[in-house]
Each structure stands twice: as structure tokens, then as C-alpha cells.
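The primary structure of each chain is shown beneath.
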Amino acid sequence: MNPMLLDQILVLVFLNLLPIAELRLSIPVGIIIFQLPWELVFLLSFGIHIILGPVLYFLLEKLTGFFLRFAWIKRFYDARVASAQRRAKPYVDKYGIFGLSIFIFTPFPGSGTYSGTLIAHVLNFGYKRLFIANTIGSFFNALLWTFLALTGAVAVSSLAGFA
């Protein structure tokens, strides 16, 4: 395997795992900056998020009690939970799995796999329902950002005279 390709893939994995970046940054970087095949970038990013949701849910179940003993962590956790619940709970209560999927899909900061998993944990959604919601939401999120990156790449290359 080409060492540069491996480096680029590792950067994409890292970007996908950053809560503030997730798919919103990894897909445009992979397609526009690294000029990797969109299929590779899409499948890599989507695959990471399919795995990320259940792993985060497991970690939240196992480690939350331990870490909430620390006051500063509890304050941060409580603030994140309150914010996530305020934004997502009405949709999850009304639409269930699809409500959580929509929240995960929504391309705004503070939504995505991390917040969706936190909401699923707080609302006792369970692994199976989270997996379904996260898969649906992450698929459409990856699809959206792939489309935006491809059309953005075409627009930028056209302006630069490369197309």
C-alpha cells in the first residue's frame, strides 16, 4: 500500500473520530483535498460511524458512573445531556428510531453520532435501536457530505480552469 495513501486514510479516521468534525470534515477533506475516490471516502467514513455508535454506547454504559464521581466531569456531562435532550427529545419521543436518525443526520454542530449516542444512552434506547438509528442517520449524513464535496470539487475545479 502506498505510504501516502495510508497517511491520508489515517487522517480521515482521525477526523471521523473528532466529535466536532465527524463526517462534516472528513468527507470534504478526503474528496477535495486528498483527491481520494469518493467511494473510498464514503465507505470509510460511513463504516467508522456504524461502528462508533455502538462502541460509544457501550463506553457510556460502562464508564459513566465512574466518571460522574468527578464534579467537573459531571457538570460537563450534565450540560451536554441537557442540551442534547432539549434539541432531540421531542423528535425521539414522536418518531422513535427515525427521530434519532434525523438528529444524527442533521448537518449542524452538536448533532451526529456522538450526540445521538449520548441521547440514546440517556433515553435508554438500547444497542439495537441505536444501531439502526445511527446507521440510517450516518448513511444520509455521509451521502449529503459526499454530494456537497463532489459538487464543491467540481465548482472549485471549474473556477480554477481544471474541468
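All of these numbers come straight from a predicted model, not from anything done at the bench.

Thresholds, definitions, all that
Residues numbered from 1 in each chain as written. Predicted model: local features only at pLDDT ≥ 70, side-chain atom pairs only at ≥ 80, totals over all residues. Heavy atoms only, no water. Salt bridge = Lys/Arg side-chain N within 4 Å of Asp/Glu carboxyl O. Helix = DSSP H or I, 4+ residues; strand = E, 2+ residues; numbered from the N terminus. Buried < 20%, exposed > 50% of the residue type's maximum accessible area, 1.4 Å probe, protein only. Contact = heavy atoms within 4.5 Å. Polar contact = N/O pair within 3.5 Å; in protein donor to acceptor, adjacent residues only side chain to side chain. Axes fitted to C-alpha atoms, helices over the stretch in contact; angles between N-to-C directions. Nonpolar A, V, L, I, M, F, W, Y, C, P; charged D, E, K, R; others polar. Phe/Tyr/Trp six-rings, centres within 6.5 Å; stacked < 30°, edge-to-face > 60°.

Looking at this structure, how should I read the pattern of salt bridges?
Close approach of charged atoms allows side chains of opposite charge to pair. In this structure the tally under the stated criterion is 2 salt bridges. Of the charged contacts in the structure, one is a salt bridge between lysine 74 and aspartate 78, with a shortest N-O distance of 3.0 Å. With a gap of 4 residues between them, lysine 74 and aspartate 78 both fall in helix α4 (residues 71–95), about one helical turn apart. Taking relative accessible area as the criterion, lysine 74 reaches 37% and is therefore assigned partly exposed. Here aspartate 78 falls in the partly exposed class, since its relative accessible area comes to 35%. The closest approach of N and O atoms between lysine 89 and aspartate 93, which form a salt bridge, is 2.8 Å. A residue pair is termed a helical-turn pair when its members lie 3 or 4 positions apart in one helix, as lysine 89 and aspartate 93 do in helix α4 at 4 residues. On the basis of relative accessibility, which here comes to 31%, the residue lysine 89 falls in the partly exposed class.

Got a minute to help me understand the environment of threonine 113 in this structure?
Mapped onto the elements, threonine 113 comes out in helix α6 (residues 113–122). Spatially, the C-alpha atom of threonine 113 lies 23 Å from that of isoleucine 32, the residues being 81 residues apart in sequence. Contacts of threonine 113, omitting those with residues within four sequence positions, involve Glu22, His49, Leu52, Gly53, Leu56, Ile104, Asn134 and Ser138. Among the polar contacts made by the side chain of threonine 113, one reaches the side chain of histidine 49 at a distance of 2.9 Å.

Help me understand the packing of α4 against helix α5 (residues 97–105) in this model?
Packed helices, taken two at a time, are described by the angle between their axes plus the distance between the axes. In contact at an axis separation of 6 Å, α4 and α5 are set at 145° when each is read in the N-to-C sense. Residue-level contacts link Arg87, Ala88, Tyr91, Val92 and Tyr95 of α4 to Ile97, Phe98, Gly99, Leu100 and Phe103 of α5. Of the residues contributing to the contact of α4 with α5, the split by class is 8 nonpolar, 1 polar and 1 charged.

In this structure, what is going on with unusual backbone geometry? I would like to understand it.
Peptide bonds are trans in most cases, and residues, glycine excluded, mostly fall at negative phi. Of note, the phi angle at glutamate 22 is positive, near 45°, even though the residue is not glycine. Summarising the element assignment, glutamate 22 is placed in helix α2 (residues 22–33). What makes glutamate 22 buried here is its relative accessible area of 2%. Even without being glycine, asparagine 124 reaches a positive phi, approximately 50°. Topologically, asparagine 124 is positioned in the loop between α6 and α7 (127–160).

Looking at this structure, how should I read the environment of threonine 151?
Mapped onto the secondary structure, threonine 151 falls in helix α7. Threonine 151 gets classed as partly exposed once you look at its relative accessible area, which sits at 36%. Between the C-alpha atom of threonine 151 and that of threonine 117, which follows or precedes it by 34 residues, the distance is 30 Å. A polar side-chain atom of threonine 151 sits 3.2 Å from the main-chain carbonyl oxygen of leucine 148.

Just to check I follow, could you spell out the packing of aromatic side chains for this structure?
One pair of aromatic rings is described through two measures. These are the centre distance and the angle between the planes. The tally for this structure, following the rule as stated, stands at 8 aromatic pairs. For the pair phenylalanine 66 and phenylalanine 67, a centre-to-centre distance of 5.0 Å together with 80° between the ring planes defines the contact as edge-to-face. Taking the relative accessible area as the measure of exposure, phenylalanine 66 reaches 41% and is therefore partly exposed. Between phenylalanine 139 and phenylalanine 140 the ring centres are 5.2 Å apart and the planes differ by 80°, which places this aromatic pair in the edge-to-face class. Here the aromatic residues Phe42, Phe46, Phe105, Phe139 and Phe140 are joined through ring pairs into a cluster of three or more.

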